[in-house]
Amino acid sequence: MSTEIEKVECLIIGSGPAGYTAAIYAARADMKPVVYEGLQPGGQLTITTDVENYPGYPNGIMGPEMMELFKKQAVRLGADVRFGMVTSVEFTQGGPQKVTVDDTKQIVADSVIICTGASAKWLGLPSEQRLNGSGVSACAVCDGFFYRNTDVAIVGAGDTACEEASYLSKICSKVYMLVRRSEFRASKAMQHRVMNTPNIEVLFNTETDEILGDMTVEAVRVKNNVTGELREIPVNGFFVAIGHTPNTDIFKPYLQLDDQGYIITKPDSTYTNIEGVFCAGDAQDKVYRQAVTAAGSGCMAALDAERWLSARHAAS
Ligand code: NDP
């Protein structure tokens, strides 16, 4: 194991819209940010196709290209963006914060901004993986538009699935909602909304057996788990809305997390319960989860960190 210890003023963990935006602001504030990109440089946007809802791109932009541009901007302004995975941390009130990268490299940081995001849960079918980005999506708000006036299916029964089914019902001709139990998990209000939307058909006790299609989604084969009956439903889009998992495991011993693992930040800020550690983006947001909101909170985190560091310097 290497014994090299590097000191940095601002360490940013993660490289989605939150991480790169934090880097842009931190670099311009002369905090010399070091960004570790993590296992999926660019984050969840690198597995989507067109992004049409990020302001400033009137013709839309491909997710991976947009993340390349975010990165270029951060690097041009002086951020040190590195490939590497933060594998463990040791946080203390007020710091300095100890961070280990790739199990070997040791970093001591005055401030840390966590932007590790969340990962969509998937059903685990090979066809789901094969057709991901070609009809299969985990984000109706991102991709629903591409299926306007066609029939789609969405799997899930929580608030997200209901919200996304309602969203899709306004764009698509028909939405089949595949619910594995005989009841929803979502709040009564959301259930009510779904059940009262004429072009949403809820299929209870229904599991996905296979997503069908060679190059794009053409149909879904579903199974009634009470009768065992198999049925094929022609659809062009297949949405998975069975929850997200925030990428926060390594922070658990130090940070306050909610019961689903999202990092709790103080109201109207990106402050965590550890002074000097901030959090932005999907690792702390289970409600909005958009590139633009993640970027906004990345900006907030850099401003919070900068002000916190300045106050500390002024006091010392
Ligand atoms: P949830 O964990 O609440 O729901 C996940 C849903 O997916 C459940 O209905 C579950 O089924 C289903 N599911 C899980 N695995 C599978 C599978 N393999 N096959 C089929 N179905 C599966 O996640 P959400 O993303 O919906 O919500 C996360 C949190 O965010 C919740 O607390 C929710 O209330 C909140 N939220 C609030 C919103 C709001 O207030 N506007 C909007 C969106 C989310 P089962 O029920 O059978 O376990």
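Residues numbered from 1 in each chain as written. Predicted model: local features only at pLDDT ≥ 70, side-chain atom pairs only at ≥ 80, totals over all residues. Heavy atoms only, no water.

## Details of the sheet that holds strand 10 (residues 136–137)
Taken in spatial order, the five strands of this open sheet run 10-17-11-12-13, and their pairing is parallel. The open sheet has two edge strands with one neighbour each: strand 10 and strand 13 (200–203). Bridge count between strand 10 and strand 17 (residues 237–240): two bridges; the pairing is parallel. Its bridge partner being in strand 17, V136 is matched across the sheet by F238. (Pairing = 2+ DSSP bridges. Helix = DSSP H or I, 4+ residues; strand = E, 2+ residues; numbered from the N terminus.)

## Some words on the domain arrangement of the protein
You can read the domains of the protein as domain 1 (4–119 + 245–315) and domain 2 (122–240). Look at where the C-alpha atoms of domain 1 and domain 2 centre, and you get two points 32 Å apart. With seven residues of domain 1 at the interface, the matching set in domain 2 holds eight residues. Across the domain 1 to domain 2 interface the summed buried area is about 650 Å²; carbon plus sulfur atoms make up 47%. Inspection of the domain 1/domain 2 interface yields zero salt bridges. When its residues are assigned to classes, the side of domain 1 that touches domain 2 shows one nonpolar, three polar and three charged. (Domains from an automatic or database assignment. Contact = heavy atoms within 4.5 Å. Buried area = accessible area lost by both parts, 1.4 Å probe. Salt bridge = Lys/Arg side-chain N within 4 Å of Asp/Glu carboxyl O. Nonpolar A, V, L, I, M, F, W, Y, C, P; charged D, E, K, R; others polar.)

## Let's talk about the side chain of H244
Mapped onto the elements of the fold, H244 is located in strand 18 (residues 244–246). By relative accessible area, which is 18% here, H244 ends up buried. (Buried < 20%, exposed > 50% of the residue type's maximum accessible area, 1.4 Å probe, protein only.)

## Structural notes on the pattern of salt bridges
Under the defined criterion, the tally for this structure stands at 11 salt bridges. Measuring nitrogen to oxygen at the nearest pair gives 3.6 Å for the salt bridge that ties D30 to K32. Using a relative accessible area of 54% as the deciding quantity, one classes K32 as exposed. With a closest N to O distance of 2.6 Å, E201 and K174 form a salt bridge. Placement of the pair is E201 in strand 13 and K174 in strand 12 (residues 174–178), with a sequence separation of 27 residues. Look at K174 and you get partly exposed, because its relative accessible area is 23%. Here the residues in one salt-bridge network are E6, D80, R82 and K105, joined through shared partners.

## Observations regarding the sheet that holds strand 16 (residues 230–234)
Pairing between the strands of a sheet comes from backbone hydrogen bonds, and it takes one of two forms, parallel or antiparallel. Across the sheet, three strands lie side by side as 14-15-16; this open sheet has antiparallel pairing. Two strands in the sheet have a free side with no partner beyond their single neighbour: strand 14 (206–212) and strand 16. Between one strand and the next, the sheet's axes are offset by a mean angle of 30°, whatever the strand orientation. Pairing analysis gives five bridges linking strand 15 (residues 219–224) to strand 16, with the strands arranged antiparallel. Paired with V222 across the bridge in strand 16 is R231. (Axes fitted to C-alpha atoms, helices over the stretch in contact; angles between N-to-C directions.)

## A word on the packing of helix 1 (residues 17–28) against helix 2 (residues 63–76)
It is the contact of helix 1 with helix 2, at a shortest axis distance of 8 Å, that shows an interaxial angle of 20°. Here helix 1 is positioned roughly parallel relative to helix 2, judged by the angle of their axes. In this structure, the crossing between helix 1 and helix 2 has a hand that is left-handed. Of the residues in helix 2, those touching helix 1 at P17, Y20, T21, A23 and I24 are M67, F70, K71, Q73 and A74. Residue composition of the contact of helix 1 with helix 2, by class: seven nonpolar, two polar and one charged. (Parallel < 35°, antiparallel > 145°, perpendicular 65-115°, else oblique. Left-handed = near helix turned anticlockwise from the far one by under 90°.)

## A look at the nonpolar core
Grouped together as the largest cluster of nonpolar side chains are 32 residues, with contacts concentrated most on I12, Y54, M66, F70 and I113. Those elements that provide at least two residues to this core are strand 1 (5–13), helix 1, helix 2 and helix 7 (291–315). Per-element tally for this core: the top contributor is helix 7, with eight residues. Discounting residues that sit within four places of it in the chain, F70 has contacts with P17, Y20, T21, I24, Y54 and A295. (Core = buried A, V, L, I, M, F, W, Y, C linked by side-chain atoms within 4.5 Å.)

## Digging into the state of the cysteines
Applying the stated criterion to the full structure yields one disulfide. The residue that forms a disulfide with C139 is C142, at a sulfur-sulfur distance of 2.1 Å. With the S-S bond torsion at 75°, the cross-link from C139 to C142 turns out right-handed. A residue is classified by how much of its surface remains accessible, and C142, at 22% relative accessible area, is partly exposed. Not engaged in a disulfide, the cysteine C10 finds its nearest cysteine sulfur in C115; these two sulfurs lie 9.0 Å apart. No disulfide involves C162; its nearest neighbouring cysteine sulfur is the one of C172, lying 16 Å away. In this structure C162 comes out as buried when scored by relative accessible area, which is 0%. (Disulfide = S-S within 2.5 Å.)

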